[in-house]
Amino acid sequence: MKITTAFIAVAALVGLSVDGQSVRCSTQWVRKEVRSLSPSELNTVKSTITGMQNQGWMNWFAYLHTNNFGTIHNCEHFLPFHRRFVHDFESVGRRINPAFVLPYWDELRDYANPAASSIFSNNYFGGNGQGGNRCVTNGMQANWQMTYPSNHCFSRQFNNGNSINAWYSPEYIQSVLSRSTTMGQVRAGIEYSLHGAIHLAVGGDMVQMHSPNDFIFWLHHANIDRLWSVWQGNNRIWTMDGTDTARRPLSLSSNIIAYNEPIWTVMQLGYNKMCFTYDNV
């Protein structure tokens, strides 16, 4: 199956279509910082991602990410593609449970001592992998068995033994958002700092092309999208420039990688298919 066809199949499943014009969403849901979720909301997250794992969706999205990896990074497709990709994941989850809303992880709150974050506790998403295969044995994904790209236990391997090296501070990321005036600048400033640091820090599945196997991938990219939306809020909603990996110029009318949809359809939260917002944006 061609990967473009695969994405169309997902779009068909979740009832998506290309509108051809910017339309305000009749309803919106709010993505919250994961530690602000109520016990009931957290249970909804757990049951939904467990259902997605049991139905093969976790491996499916890991497959899609892997097969497009070379064209969705290191260029200005990075932010539009991942906004659309994360939305697809959330939409599949909402088909399983309409109460499901993807949370985000504000990683900047944990930058000084990341491994001490409650995100890595048994109440949330588990911690470092154990044993020779670095299998995760606690949290919502405890003892999961993945089938993509091959049969293996779901794994993590922190980048400093049982701890994680400090990553970029809130002040640094704020400086990226403040000094960037083009998509090229803000994309590179985020992708090559916080984005890469989290993938490398968590390790295991998260440091591979099939990183969507780890639910932290989705929390992480929801946060990356939130930071982009903060930058967009400074009168830059329709700012699109830069190039693809072949150095061809991009514009709002360029199609999102692997989707037969123009980039402008994902630029404004609360419109078209992007019927969500963030709790502090």
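Residues numbered from 1 in each chain as written. Predicted model: local features only at pLDDT ≥ 70, side-chain atom pairs only at ≥ 80, totals over all residues. Heavy atoms only, no water.

**Things to note about the nonpolar core**
Then, number 1: Counting residues in each nonpolar core, the largest one holds 72 residues, and the members touching the most others are F61, F89, F125, F215 and W218.
Then, number 2: Elements represented by at least two residues in this core include exactly α2 (39–54), α3 (57–67), α5 (78–96), α6 (170–179), α7 (183–202), α8 (215–232) and β4 (276–278).
Then, number 3: With 10 residues, α8 is the single largest residue contributor to this core.
Then, number 4: Filtering out sequence-adjacent residues up to four positions away, W218 remains in contact with M58, F61, F85, V86, F89, L102, P103 and P212. (Core = buried A, V, L, I, M, F, W, Y, C linked by side-chain atoms within 4.5 Å. Buried < 20%, exposed > 50% of the residue type's maximum accessible area, 1.4 Å probe, protein only. Helix = DSSP H or I, 4+ residues; strand = E, 2+ residues; numbered from the N terminus. Contact = heavy atoms within 4.5 Å.)

**As for the side chain of D110**
Then, number 1: Structurally, the position occupied by D110 is in the loop between α5 and β2 (145–146).
Then, number 2: By relative accessible area, which is 11% here, D110 ends up buried.
Then, number 3: Contacts of D110, omitting those with residues within four sequence positions, involve R35, W105, S117 and W167.

**Re the packing of aromatic side chains**
Then, number 1: Per the stated rule, a full pass over the model turns up 21 aromatic pairs.
Then, number 2: Ring centres 5.8 Å apart and planes at 75° place the aromatic pair Y104 and Y278 in the edge-to-face group. Of the two residues, Y104 sits in the loop between α5 and β2 while Y278 sits in strand β4, which places them 174 residues apart along the sequence. There is no split in this pair, since Y104 and Y278 are both buried.
Then, number 3: Through a chain of ring-to-ring contacts, three or more aromatic side chains come together here, namely W57, F61, F81, F85, F89, Y124, F125, F215, F217, W218 and Y259. (Phe/Tyr/Trp six-rings, centres within 6.5 Å; stacked < 30°, edge-to-face > 60°.)

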